[in-house]
Amino acid sequence: MQRIKDKLSTRLMNVCVASLCKAKQLEKAEIVIVDGIRIGLQPDVVTYNTLIAAYCRFVGIDAGYSILNRMKDAGINPDVITYNALIAGATRYSLLSKCLDLFDEMLEMRILPDIWSYNTLMNCFFKFGKPDEAYRVFQDVLLKDISVHSATFNILINGLCMNGYSENALMLFRSLKRHGFIPQLVTYNILIHGLCKSGRGNVAREFLNELVESGHIPNAITYTTVMKCCFRYRQFEEGFKIFAEMRNKGYTYDAFAYCTVASMLLKTGRITEANEYLGYIITSGFTLDIVSFNTVFNLYCKEGQLDNAYKLLYEAENGGLESDKFTHAIWIDGLCRTGNFQEAQQQLNRMSVTGFDSNLVAWNSFLNGLCKTGQLDYATHIFESMDTKDSVTYSTIVRGLCQARRFRAASKLLLSCIRGGMRILKSDKRIVIDGLRSCGLTHEARKVQSKIQMAKLLHY
DNA sequence: ATGAAGGGGA
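Residues numbered from 1 in each chain as written. Chains lettered and ligands numbered in written order. Predicted model: local features only at pLDDT ≥ 70, side-chain atom pairs only at ≥ 80, totals over all residues. Heavy atoms only, no water.

*Asks:* Explain the state of the cysteines to me, please; I cannot follow it from the model alone.
*Replies:* In protein structure, a disulfide is the covalent linkage between the sulfur atoms of two cysteines. By the definition in use, this model includes one disulfide. With its sulfur 2.4 Å from that of its partner, cysteine 196 forms a disulfide with cysteine 229. When the S-S torsion is 115 degrees, as for the bridge of cysteine 196 with cysteine 229, the disulfide is right-handed. Here the residue cysteine 196 occupies a position in helix H11 (residues 185-197), and cysteine 229 occupies one in helix H13 (residues 220-232), the gap between them amounting to 33 residues. For the residue pair cysteine 196 and cysteine 229, the accessibility class agrees, reading buried in each case. Of all cysteine sulfurs, the one in cysteine 21 lies closest to cysteine 16, which takes part in no disulfide; the gap is 10 Å. By relative accessible area, which is 35% here, cysteine 16 ends up partly exposed. (Disulfide = S-S within 2.5 Å. Helix = DSSP H or I, 4+ residues; strand = E, 2+ residues; numbered from the N terminus. Buried < 20%, exposed > 50% of the residue type's maximum accessible area, 1.4 Å probe, protein only.)

*Asks:* Just to check I follow, could you spell out the protein's contact with DNA strand B for this structure?
*Replies:* Close to DNA strand B lie 58 residues; Asn119, Asn154, Asn294, Asp324 and Asn359 are nearest. For DNA strand B, the fraction of protein-proximal atoms (within 4 Å) that sit in sugar or phosphate groups is 40%. Between a base nitrogen of DNA strand B and a side-chain N or O atom of aspartate 289, the distance comes to 2.7 Å. For DNA strand B, a base nitrogen lies 2.2 Å from a polar atom in the side chain of asparagine 359. (Near = heavy atom within 4 Å. Polar contact = N/O pair within 3.5 Å; in protein donor to acceptor, adjacent residues only side chain to side chain.)

*Asks:* Is there a simple way to explain the packing of aromatic side chains in this structure?
*Replies:* The way to describe two aromatic rings as a pair is by their centre distance and the angle between their planes. All told, the structure shown has 19 aromatic pairs when counted by the stated rule. Ring geometry for phenylalanine 341 versus phenylalanine 366: centroids 6.5 Å apart, planes at 50 degrees, classification tilted. One end of the pair, phenylalanine 341, is in helix H20 (residues 341-353); the other, phenylalanine 366, is in helix H21 (residues 360-372), with 25 residues separating them in the sequence. No difference in accessibility class separates phenylalanine 341 from phenylalanine 366, as the two residues are buried. Ring centres of phenylalanine 366 and tyrosine 378 lie 5.9 Å apart, and the angle between their planes is 90 degrees; this geometry places the pair in the edge-to-face category. Placement of phenylalanine 366 in helix H21 and of tyrosine 378 in helix H22 (residues 376-385) is noted, with a sequence separation of 12 residues between them. The ring centre of phenylalanine 383 lies 4.3 Å from the NZ or CZ of lysine 389, which sits over that ring. (Phe/Tyr/Trp six-rings, centres within 6.5 Å; stacked < 30°, edge-to-face > 60°. Lys NZ or Arg CZ within 6 Å of the ring centre and 35° of its normal.)

*Asks:* Help me out: how do you make sense of helix H15 (residues 256-267) in this one?
*Replies:* Owing to its 3.6 residues per turn, the α-helix brings residues three or four apart onto one side. When the terminal C-alpha atoms of H15 are compared, their 17 Å separation across 12 residues agrees well with the 16 Å that a helix rising 1.5 Å per residue should span. Burial analysis of H15 places nine of its 12 residues in the buried class, the great majority of the element. For H15, every residue scored as buried is listed here: Ala257, Tyr258, Cys259, Thr260, Val261, Ala262, Met264, Leu265 and Leu266. In the core, the buried residues of H15 are packed alongside H13, helix H14 (236-249), helix H16 (271-283) and helix H17 (290-302). Directly beyond the C-terminal end of H15, a positive phi value near 80 degrees is found at glycine 269. (Expected span 1.5 Å × (residues − 1). Contact = heavy atoms within 4.5 Å.)

*Asks:* Sorry, what's going on with the nonpolar core here?
*Replies:* With 142 residues, the main nonpolar core has Phe207 and Phe366 as its most contacted residues. It is H15 that provides the largest number of residues to this core, a total of eight residues. Setting aside residues up to four positions removed in sequence, phenylalanine 366 forms contacts with Ile332, Cys336, Phe341, Ala344, Gln345, Leu348, Tyr378 and Ile382. (Core = buried A, V, L, I, M, F, W, Y, C linked by side-chain atoms within 4.5 Å.)

*Asks:* What exactly am I supposed to notice about H17 here?
*Replies:* Look at H17: 18 Å from first C-alpha to last across 13 residues, which is about the 18 Å you get at 1.5 Å a residue. Buried-residue contacts for H17 involve H15, H16, helix H18 (306-318) and helix H19 (325-337).

*Asks:* Would you mind showing me how to read unusual backbone geometry here?
*Replies:* Outside of glycine, negative phi angles account for most residues, and trans bonds account for most peptide bonds. We note that lysine 24 has phi near 70 degrees; this positive angle belongs to a residue other than glycine. Residue position: lysine 24 is located in the loop between helix H1 (2-22) and helix H2 (26-38). The exposure class assigned to lysine 24 is exposed, which follows from its relative accessible area of 54%.

*Asks:* Help me understand the pattern of salt bridges, please; the structure alone is not making it clear to me.
*Replies:* Pairing is possible between side chains that carry opposite charge, provided their charged atoms lie close to one another. A full pass over the atoms with the stated rule returns 14 salt bridges. For arginine 38, the salt bridge identified is with aspartate 35, shortest N-O distance 3.4 Å. Separated by three residues within a single helix, arginine 38 and aspartate 35 lie in helix H2, roughly one turn from each other. The exposure class assigned to arginine 38 is exposed, which follows from its relative accessible area of 64%. One salt bridge connects aspartate 140 with lysine 144, and the closest N-O pair in it is separated by 3.1 Å. (Salt bridge = Lys/Arg side-chain N within 4 Å of Asp/Glu carboxyl O.)

Set out below in structure tokens:
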């Protein structure tokens, strides 16, 4: 009788712990457990699994591990859910090898992975840009005759989109529907997001219609996704309309929509308006996470208020917010805008020395700053010393050279890009060709044009 | 008790 009572009470405690964890109230959850122990309740595997998931989500993977140790010390064996939570945690913090180690560890402990484990592993591979490996996991699931979940398909569709296979994702979606799969709201959100990201805004809009027609009610995520899609395709009025609708529906309960609008405004140089939206975020008491912080930080940097920006950063870091590579890139851009190129370069060098991943966007930003202020030799020097470059790097230099009317150098670089299969914007090619013509280098211009044509024929 | 969707940098 007493045992049954204890079991019931432990279950009650677990419900309590779960709801506190969900609300990010980890200290309170711990207090509930301590109180439980005081009145004779033993935390069980569910209690610890709840804690591990929450610590992984809100604190970090190491915090999750320390709960795992506490669990083992208490004599409770981890189960498949424990490992699933840890693997999901490792995925969240981009630790691929840790994910794989945990999976192996689970097998070694003779804990049978379930569909959740496979889903998590698949998602992990997709996140790391390894769609082939992810697909192998999926085939493994089919081979082992484990019954799949709708989440399995959602992860597949999302992973395919994020790895540049939106066409395959579409085919999968259609074929699943033919086989009786009923897409959920999240499935549509994934598709709309993926299609928009891969430059297929029109198809994304069709799915928005299909979503509504099949009886789903778009949520805040649907709205922010579609709004960003509008801004991306320069349909600003349409985007603002969506924002207004979100407000009316009560969907602006967090900072997401505000950040979407504000960053678009910052990108298009409408700083005063951005200020209004971000002012609302600050005064209305949303807790600033790193993303909304970076948006506000970007506002100060774009306004040239570097002192205020720095003060903001200092306060945020004292409050426990950890800056990231976005913060750093924004700061580099701010320094360049205010002419502090030396400081910018020192910051960039310090980053690579201290073993951080080299921040390509920050370097590109630096190059952009140098080009805009006509320091082409400096820019070229930096360009040559960079060991990773992308199409933005090349575009920036090509545009910079054109601006300095060094069209021959620009065309030489452009041609080397084309030879290397680098995607360069049509408008940038145009600038080079028009520039060559404008200084009477018509022969050169024609040569570049024909090489571009040739590349097109070869590539497509 | 676990997995999938929205916002930030050139």
